[in-house]
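Descriptive analysis of the structure
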Amino acid sequence: MDAVVLSNLVKKAKNRDLQAFEKLVEAYQKRVFALCVQLTGNQDDAQDLAQEVFIQAFASITNFRQESDLGTWLHRIAVNKWINITRKQKKAQLVYLDAPVKTGDGEAQREVAATEGNPQELVEEKEFHARVRRALGRLTYEHRAVLVLREIQGYSYEEIAGILDCSVGTVRSRLNRARKAMKDNLQNLSENDEI
């Protein structure tokens, strides 16, 4: 969407023009939802989070100063909402659908039928992605947010600093720690899988 058109839509949305805001939602919903999936780790929670992002965006659009990209502002709302939700759910235990099922005789792996390609490669790829999701889920919310924004969303250090409301030095430090923690988590998960 053209920058001038976006600017006009934002101005109209600031005046509580619901149709203008709906057009903004249409323009940014895929990007916001993609970030929400990466933060939450599943589509259902991502849909809830994305909805909360747009509800808050509409409620506070009058505070948007248009000094940064609207997408960056929406991503900042998404990260902050996700951090707040994560803090509230800190005590809740996550259950992964690809985790082994406990039975009376021990544990059993869930079986998935391959629909195309080499079944062995598909299983290995699925296991790898599951391991990455589990490793990402073990990161602190600060580390997970900075890693997702940089490595998956492709934001610059300066943009991440704006989204997270911190200095570029803090972003670099968190990113360095997040990468190390992710590497350690992946290694620990691999070692535990081999045992």
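Look a little higher up for the structure.
From a predicted model like this one, the values you see are computed outputs, not experimental measurements.

Moving on, we come to the side chain of Thr72. Looking at the secondary structure, you find Thr72 in helix α4 (residues 70-88). Thr72 sits in the buried class, given a relative accessible area of 12%. Not counting residues up to four positions away in its chain, the partners in contact with Thr72 are Tyr155, Glu159 and Ile163.

Moving on to the pattern of salt bridges. Under the defined criterion, the tally for this structure stands at five salt bridges. Between Glu151 and Arg179 there is a salt bridge; the shortest N-O distance is 2.2 Å. Of this pair, Glu151 sits in helix α6 (residues 141-152) while Arg179 sits in helix α8 (residues 168-194), and the two are 28 residues apart along the sequence.

What follows covers unusual backbone geometry. Positive phi, normally seen in glycine, also occurs at Arg16, with a value near 65°. Structurally, Arg16 is set in the loop between α1 (3-14) and α2 (18-40). Even without being a glycine, Gln66 presents a positive backbone phi close to 60°. Mapped onto the elements of the fold, Gln66 is located in the loop between α3 (43-60) and α4.

Cut-offs and rules
Position labels on residues start from 1 in each chain and follow its written sequence. This being a predicted model, a pLDDT of at least 70 is required before a residue's local features are given, and a value of 80 or more before pairs of side-chain atoms are given or counted; all residues contribute to the totals for chains, interfaces and linings. Water and hydrogen atoms play no part in the side-chain values, which are based on all heavy atoms of the structure. Strands are runs of DSSP state E lasting at least 2 residues, helices are runs of H or I lasting at least 4, and numbering of each runs from the N terminus. Only protein chains enter the accessibility calculation, which uses a 1.4 Å probe. A residue is then buried if its area is under 20% of the maximum for its type, exposed if over 50%, and partly exposed in between. The contact rule is simple, with two residues in contact once any of their heavy atoms fall within 4.5 Å. Only one rule defines a salt bridge in this text: a Lys or Arg side-chain nitrogen within 4 Å of an Asp or Glu carboxyl oxygen.

Remember that the coordinates give geometry; whether it matters functionally is a separate question.
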